[in-house]
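Structural overview for review
Each chain is listed here by its residues.
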Amino acid sequence: MTITPKATKRVLIVDDQPRVLDVLRETLGSFQHRDAYEITPAQSVADALAILQRERFDLILLDMVMPGIGDPLLRRQGLDLMKHIRDLGVNAPILMMSGDWDSRRETDARREGAVGFLHKPFDLRELDRLVARAIASATRG
């Protein structure tokens, strides 16, 4: 019996909350997908943009509320960051995340090009499904 090594997919997680970064790193590492995940965390807008200028990723998980960009009262800074990411020429699929259950934000995120939307606290089955689907779409596209 030959065991085929898993391919490694690179995932950038952008969230200003260290606990969220830790939970996502641990959770993605536990998924039984055909791919293994190499996780790179970014805790700020500046970190995310600097990393994206140097490295390529197969998937980006991006928090909707990120200090350091856009109008903090609107709580949609992640959409502004997503536009900057696309302006850099980054085409990796983006899953938006938010602790606010506002369907308008979800609709706006999808309209702006996010491939999915994750609600915090995370439903692990939904997280698993969306990550697998986003990685598969990136592999096909």
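Below is a summary of the structure that appears in this document. (Residues numbered from 1 in each chain as written. Predicted model: local features only at pLDDT ≥ 70, side-chain atom pairs only at ≥ 80, totals over all residues. Heavy atoms only, no water.)

Things to note about the overall build of the chain
- Of the regular secondary structure elements, the chain holds five helices and five strands.
- The N-to-C order of helical and strand elements in the chain reads β-α-β-α-β-α-β-α-β-α.
- Burial status across the chain gives 46% buried among its 141 residues.
- Look at the contacts in the chain between residues 6 or more apart in sequence, and 63% of them connect residues 24 or more apart.
- Working note: accessible area of the chain is about 7,800 Å², and carbon and sulfur atoms make up 51% of it.
- Charged side chains of the chain number 21 positive and 21 negative; the gap between the two group centres comes to 5 Å. (Helix = DSSP H or I, 4+ residues; strand = E, 2+ residues; numbered from the N terminus. Buried < 20%, exposed > 50% of the residue type's maximum accessible area, 1.4 Å probe, protein only. Contact = heavy atoms within 4.5 Å. Areas by Shrake-Rupley, 256 points an atom, 1.4 Å probe, with all protein chains shown as cover. Lys, Arg positive; Asp, Glu negative; His and termini not counted. Charge placed at Lys NZ, Arg CZ, Asp CG, Glu CD.)

Some remarks on helix H3 (residues 77-87)
- Within H3, the full set of buried residues consists of Gln 77, Gly 78, Leu 79, Leu 81, Met 82 and Ile 85.
- Along its buried surface, H3 packs onto strand S1 (7-14), helix H2 (45-54), strand S3 (59-63), strand S4 (94-98) and helix H4 (103-111).
- Following H3 by one or two positions, Gly 89 has its phi on the positive side, about 90 degrees.

Details of the sheet that holds S1
- The strand order S2-S1-S3-S4-S5 describes an open sheet built from five strands, whose pairing is parallel. The strands lining the two open edges of the sheet, one partner per strand, are strand S2 (35-42) and strand S5 (116-119). Averaged over all neighbouring strand pairs, the angle between strand axes comes to 25 degrees, with direction disregarded.
- Bridging between S4 and S5 involves four bridges; their strand directions are parallel. Paired with Leu 95 across the bridge in S5 is Gly 116.
- Against the sheet, H4 touches S4 and S5, its axis set at about 150 degrees to S5. (Pairing = 2+ DSSP bridges. Axes fitted to C-alpha atoms, helices over the stretch in contact; angles between N-to-C directions.)

Keep in mind these numbers describe shape, not what the thing actually does.
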